[in-house]
Amino acid sequence: MKVIPTAACRFCGQMIQLDGDCELTQPQAEEKATMTCRCAEAVEYQKKKNRKENALKNVSTLFGENAVPERRISEGITNILRESVEEIYSGELAKVTLNLRGGVKASISQNSKGEINVERTETRKQKLTE
Ligand SMILES: [Zn+2]
């Protein structure tokens, strides 16, 4: 017997038909339904979640595994940045700035529009001492 998988949107409770694999757990199926629903709360949730996912991608592009090798920072620090994105997303944190050795500054913040900014600043000073 083949059952078409459906799950309810977490906000409006509407049953949504899920395509693709049906190997999802209940929370995963609900998450997928909520990410598909078009009700106002679900759309707002999708926007926020996409922002978080983009911010995590930007961390990886600027500092992590998707950065060119000489710009990559240690995994431990990248994890701090990822956790900062999570905290900013959940609303507890407004801004984080890390000053790394070598003049690299990493900062994550949220603007008034709710967008999460990931910034990398490099200040390279050259000084010759005789
Ligand atoms: Zn909904």
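Just so you know, these numbers come straight off a predicted model, no measurement behind them.

Re the side chain of Glu-31
Positionally, Glu-31 belongs in helix H1 (residues 26–36). A polar atom in the side chain of Glu-31 sits 2.9 Å from the side chain of Tyr-45. Beyond its immediate stretch of four places on either side in the chain, Glu-31 contacts Arg-10, Tyr-45 and Lys-49.

As for the pairing of strand E3 (residues 95–100)
Taken together, the six bridges between E3 and strand E4 (residues 104–110) define a ladder with antiparallel strand orientation. What sits directly across from Asn-99, in E4, is Lys-105. Linking E3 to E4, which pair antiparallel, is a turn of three residues; within it Gly-102 sits at a positive phi near 95°.

Points about the pattern of salt bridges
Opposite charge on two side chains allows them to pair when their charged atoms are near. According to the stated counting rule, one finds seven salt bridges in the structure shown. For Glu-65, the salt bridge goes to Arg-82, with nearest N and O atoms at 3.2 Å. Of this pair, Glu-65 sits in the loop between helix H2 (40–62) and helix H3 (75–89) while Arg-82 sits in helix H3; the two residues are 17 residues apart in sequence, bridging distant segments of the chain. A salt bridge links Glu-122 to Arg-120, with the nearest nitrogen and oxygen atoms 2.9 Å apart. Take Glu-122: its relative accessible area is 33%, and that puts it in the partly exposed class. Residue Arg-120 is classed as buried on the basis of its relative accessible area, which comes to 18%.

As for the coordination of the zinc ion
Distances from the zinc ion to its protein donors, Cys-9 (SG), Cys-12 (SG), Cys-37 (SG) and Cys-39 (SG), fall at 2.3 Å. What the four donor atoms of the zinc ion show is an angle range of 102 to 118° at the metal, which sorts the shape as tetrahedral. Written as a sequence motif, the donor arrangement for the zinc ion is C-x2-C-x24-C-x1-C. A relative accessible area of 17% means that Cys-39 is categorised as buried.

Conventions we followed
- Residues numbered from 1 in each chain as written.
- Predicted model: local features only at pLDDT ≥ 70, side-chain atom pairs only at ≥ 80, totals over all residues.
- Heavy atoms only, no water.
- Helix = DSSP H or I, 4+ residues; strand = E, 2+ residues; numbered from the N terminus.
- Polar contact = N/O pair within 3.5 Å; in protein donor to acceptor, adjacent residues only side chain to side chain.
- Contact = heavy atoms within 4.5 Å.
- Pairing = 2+ DSSP bridges.
- Salt bridge = Lys/Arg side-chain N within 4 Å of Asp/Glu carboxyl O.
- Buried < 20%, exposed > 50% of the residue type's maximum accessible area, 1.4 Å probe, protein only.
- Donors = N, O, S within 2.8 Å, 3.2 Å for Na, K, Ca; no water.
- Tetrahedral: all angles 85-135°; square planar, octahedral: opposite > 155°, others 65-115°.

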